[in-house]
Amino acid sequence: MINALSFDLEDWFHNTHLEKYLDRSLWRTYASRAQENTEKIISLLKSEGVYATFFVLGQVAERHPALIKKISEQGHEIASHGWSHKRAYQQTPQEFEAELKQSISLLESITGKKVLGHRAACFSITANSQWVIDVLMKNGIAYDSSIFPIIHDKYGMSNTPRFPYILRQQEGKKLIEFPLSTCQFFGLNLPAAGGGYFRLYPYPLTKMLISKLNHKGHPAIVYLHPPEFDPYQPELGIDPLNKFRIYIGVKNNFKKLKKLLRDFRFAPVKDVLNNLGHTLEY
Ligand SMILES: [Zn+2]
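Calculation notes
- Residues numbered from 1 in each chain as written.
- Predicted model: local features only at pLDDT ≥ 70, side-chain atom pairs only at ≥ 80, totals over all residues.
- Heavy atoms only, no water.
- Buried < 20%, exposed > 50% of the residue type's maximum accessible area, 1.4 Å probe, protein only.
- Helix = DSSP H or I, 4+ residues; strand = E, 2+ residues; numbered from the N terminus.
- Pairing = 2+ DSSP bridges.
- Donors = N, O, S within 2.8 Å, 3.2 Å for Na, K, Ca; no water.
- Axes fitted to C-alpha atoms, helices over the stretch in contact; angles between N-to-C directions.
- Parallel < 35°, antiparallel > 145°, perpendicular 65-115°, else oblique.
- Left-handed = near helix turned anticlockwise from the far one by under 90°.
- Contact = heavy atoms within 4.5 Å.
- 1 Å grid on protein atoms, 1.4 Å probe; cavity = no way out; pocket = protein on both sides within 12 Å on 5 of 7 lines; lining within 4 Å.
- Points joined across faces, edges and corners; volume = space filled by probe spheres on them.
- Nonpolar A, V, L, I, M, F, W, Y, C, P; charged D, E, K, R; others polar.
- Salt bridge = Lys/Arg side-chain N within 4 Å of Asp/Glu carboxyl O.
- Phe/Tyr/Trp six-rings, centres within 6.5 Å; stacked < 30°, edge-to-face > 60°.
- Lys NZ or Arg CZ within 6 Å of the ring centre and 35° of its normal.

Attention shifts here to the pairing of strand E10 (residues 221-224). Of the two faces of E10, both are covered, the one formed by Ile-221 and Tyr-223 as well as the one formed by Val-222 and Leu-224. One ladder, built from four bridges, connects strand E1 (residues 2-9) with E10; its direction is parallel. Within E10, the position partnered with Leu-5 by the bridge is Val-222.

Shown next, in the form of structure tokens:
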């Protein structure tokens, strides 16, 4: 079974748990740590012979075009994470579309390859932002990976499918959704493979959850963020809950990732969807 490995390429200050504390108009003035953190990840991927999808934030691509080119040239897939990291349900459809276009056009001009995939900031395709689906289709996106079938304070649609499916089909075009991985326990969907859950869970639990999905014939999709591997990012004086959400497990995360890459097989999202028979338009 080949699982999907994905990174949302953003900087430490884009973290939505910091939005109360940092003024987005000052983001440009903060020292970026994206280059250093991402270089560390791609050299690990290279030494392990693993390819992944990087959902790149437009603002990061604008600041580090050479980094994006390097990731693409090393064989990884470049997909869109929007432009400004505003959640879709906090934008108008017009704002969202303008940012999506800007992001696709920059990423394609850097890599020379078509952008097929999209992930919304903070998994923000929810019941309140269903219009996003039409906007993605209109702009040539072939697959999305933003719908988290769980109950959560910031995102989630708990009653949606748990495995890749056709989200919308019209005029001969299809938009495939690869929902973030969950395992079911007592009828509840438990996040299985990414972000804060990956940092929080002891590694054997993550391994058990992904194995459980694989044994049932389903690939998992792992999502991680470069700052989650950075113990040297500025640690701000913030409230205990957000502090926990951002910094828990960061110190040992790189070791966990190494184990993960050795225990399971991974490929970019587009390849895993193709393996499942969801032929994407190129
Ligand atoms: Zn993000």
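Further notes follow.
Another aspect to go through is the environment of Ala-66. Secondary-structure assignment places Ala-66 in helix H3 (residues 65-73). Looking at Ala-66, the relative accessible area reads 60%, which means it is exposed. Spatially, the C-alpha atom of Ala-66 lies 28 Å from that of Ile-246, the residues being 180 residues apart in sequence.

Time to look at the coordination of the zinc ion. Protein-derived coordination of the zinc ion comes from Glu-10 (OE), His-81 (NE2) and His-85 (NE2), at a distance range of 2.1 Å. Sequence spacing among the residues donating to the zinc ion works out to E-x70-H-x3-H. Of the two residues, Glu-10 is situated in the loop between E1 and helix H1 (34-48) and His-81 in the loop between strand E3 (77-80) and helix H4 (93-111); the sequence distance between them amounts to 71 residues. Just as Glu-10 is buried, His-81 falls in that class too.

It is worth spelling out the packing of helix H7 (residues 203-215) against helix H9 (residues 253-263) at this point. Between H7 and H9, whose axes approach to 11 Å, the crossing angle comes to 30°. In terms of their interaxial angle, H7 and H9 are classed as roughly parallel. In the crossing of H7 with H9, the sense of the turn from one axis to the other is right-handed. For the pair formed by H7 and H9, the contact residues are Tyr-203, Thr-206, Lys-207 and Ile-210 on the first element and Lys-256, Lys-259, Leu-260 and Asp-263 on the second.

When you line up the elements, Glu-97 lands in helix H4. Classification of Glu-97 as buried rests on a relative accessible area of 14%. Beyond its immediate chain neighbours, meaning those up to four positions away, Glu-97 contacts Val-135, Lys-138 and Asn-139.

This part is about empty space enclosed by the protein. Enumeration according to the criterion identifies two cavities of 30 Å³ or more in this entry. Considering only enclosed or pocket space, the largest cavity measures out at about 80 Å³ in volume. Around the largest cavity, the lining comprises 16 residues; the ones closest to its centre are Gly-82, Trp-83, Lys-86, Gln-91 and Phe-96. Counting residues per element, the lining of the largest cavity draws most heavily on H4, which supplies three residues. Looking at the lining of the largest cavity residue by residue, the classes come out as six nonpolar, seven polar and three charged.

If you walk through the whole model with that rule in mind, you get 15 salt bridges. Ionic pairing is found between Glu-228 and Arg-199, a salt bridge with its closest N-O pair at 2.7 Å. Residue Glu-228 is found in the loop between E10 and helix H8 (240-247), and its partner Arg-199 is found in helix H6 (residues 195-200); the two are separated by 29 residues along the sequence. Its relative accessible area of 7% is what places Arg-199 among the buried residues. One salt-bridge network, in which partners are shared between bridges, spans Arg-33, Glu-36 and Asp-230.

Where empty space is left becomes clear once a probe the size of a water molecule has been rolled over the atoms. Put simply, the largest pocket is a space of about 570 Å³. Around the largest pocket, the lining comprises 27 residues; the ones closest to its centre are His-17, Gly-196, Arg-199, His-225 and Arg-245. Counting residues per element, the lining of the largest pocket draws most heavily on H6, which supplies five residues.

A few words now on the packing of aromatic side chains. Taken as a whole, this structure holds 15 aromatic pairs when the rule is applied. Both rings, one in Trp-12 and one in Tyr-30, keep their centres 5.6 Å apart while their planes meet at 45°; by these two values the pair is tilted. Here Trp-12 is found in the loop between E1 and H1, whereas its partner Tyr-30 is found in the loop between E1 and H1, with 18 residues between them in sequence. An identical accessibility class is assigned to Trp-12 and Tyr-30; each is buried. Relative to Tyr-143, the ring of Phe-55 lies with its centre 6.4 Å away and its plane at 80°, an arrangement referred to as edge-to-face. Here Tyr-143 lies in strand E5 (residues 143-144) and Phe-55 lies in strand E2 (residues 53-56), a separation of 88 residues in the sequence. Of the residues examined, Phe-55 reaches a relative accessible area of 0% and is grouped as buried. By relative accessible area, which is 0% here, Tyr-143 ends up buried. An aromatic cluster is present here, built from Phe-123, Phe-148, Tyr-155, Tyr-197, Tyr-201 and Tyr-223 joined pairwise through their rings. The positively charged end of Lys-212 is found above the aromatic ring belonging to Phe-185, 4.4 Å away from the centroid.

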